[in-house]
Amino acid sequence: MIRPVLWWCVTQTACAAPSPEHVVLRGARVVGQGLVDVELADGRIVAVGDVGAHSATEVDLSGKWLVPAFIDSHVHLAYLNQPQEMADGGIAGVVDLAAPLSFLVTDLSPLRVFHAGPMITATGGYPTRSWGAGGYGLECTTGDEAEAAVATVAAAG
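Every value quoted in this text rests on a predicted model; they were computed, and no experiment measured them.

Chemist: Could you clarify how one ought to interpret the pattern of salt bridges in this entry?
Modeler: Pairing between side chains of opposite charge can happen when the charged atoms of each approach one another. As enumerated under the stated definition, the model contains three salt bridges in all. Note that Arg26 and Glu58 form a salt bridge whose closest N and O atoms lie 3.0 Å from each other. With a gap of 32 residues between them, Arg26 in strand 3 (residues 22–30) and Glu58 in strand 6 (residues 57–60) connect regions that are remote in the sequence. Arg129 is paired through a salt bridge with Glu139; the nearest N and O atoms lie 3.5 Å apart. Remark: Glu139 occurs in strand 12 (residues 137–140) and Arg129 occurs in the loop between strand 11 (119–122) and strand 12; sequence separation between them is 10 residues. Looking at Arg129, the relative accessible area reads 61%, which means it is exposed. We classify Glu139 as partly exposed; its relative accessible area is 33%. Counted as one network, the salt bridges with shared partners bring together Arg26, Asp37 and Glu58.

As structure tokens, then:
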């Protein structure tokens, strides 16, 4: 199971959801909120503001910014397969574009990945005559071939 990164502390230190079920992040600076506490329970934000005394596990974020994790909507992980480095940099999810069908089963933890699969293109079309040779694009000559290509990619997830 992939546990999504909930927050990123802008200090080169990832603030993934800690193991305990109940956590209070203390004294972080949040855009639009100022210095606040953030309470997490069961992996969800349940309070933002002055959380007060708690029996929860506490993490001191004084002097750090707390922002939502980022989504990179245009990556090619088949070329730059560095999911841990991306997560360490504050990326929680990505949209992976134009990867061969065989790549769709690759474990890319801890990222949450939405795969687009290979590009569906005309015969001789982009990207199959350059970087996209070898499965990064599916060439189609007819409408029926295009429909079949879409079905193939959809069946692969």
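Chemist: How do you make sense of the sheet that holds strand 8 (residues 70–75) when you look at a structure like this?
Modeler: The strands that make up a sheet pair up through hydrogen bonds in the backbone, lying either parallel or antiparallel. Read across the open sheet, the three strands follow the order 8-9-10; overall the sheet is parallel. The open sheet has two edge strands, strand 8 and strand 10 (112–117), and neither has a second partner. Here the strands of the sheet are splayed against their neighbours by 15° on average, with no regard to which way each runs. Alignment of strand 8 against strand 9 (residues 91–97), held across four bridges, turns out to be parallel. Note on strand 9: the bridge partner recorded for Phe70 is Ile91.

Chemist: So what exactly am I meant to see when it comes to helix 2 (residues 143–155) here?
Modeler: Because an α-helix packs 3.6 residues into every turn, residues spaced three or four apart end up facing the same way. Taking 1.5 Å of rise per residue, the 13 residues of helix 2 would be expected to cover 18 Å, and the 18 Å separating its terminal C-alpha atoms lies within 8% of that figure. Two residues or fewer after helix 2 comes Gly157, characterised by a positive phi angle close to 100°.

Chemist: Explain the side chain of Thr121 to me, please; I cannot follow it from the model alone.
Modeler: Residue position: Thr121 is located in strand 11. Among the residues examined, Thr121 registers a relative accessible area of 13% and is labelled buried. Only 2.9 Å separates the side chain of Thr121 from the backbone oxygen of Tyr126, close enough to count as a polar contact. With sequence-adjacent residues up to four places away left out, Thr121 is seen in contact with Tyr126, Thr128, Leu138, Glu139 and Cys140.

Cut-offs used in this document
- Residues numbered from 1 in each chain as written.
- Predicted model: local features only at pLDDT ≥ 70, side-chain atom pairs only at ≥ 80, totals over all residues.
- Heavy atoms only, no water.
- Salt bridge = Lys/Arg side-chain N within 4 Å of Asp/Glu carboxyl O.
- Helix = DSSP H or I, 4+ residues; strand = E, 2+ residues; numbered from the N terminus.
- Buried < 20%, exposed > 50% of the residue type's maximum accessible area, 1.4 Å probe, protein only.
- Pairing = 2+ DSSP bridges.
- Axes fitted to C-alpha atoms, helices over the stretch in contact; angles between N-to-C directions.
- Expected span 1.5 Å × (residues − 1).
- Polar contact = N/O pair within 3.5 Å; in protein donor to acceptor, adjacent residues only side chain to side chain.
- Contact = heavy atoms within 4.5 Å.

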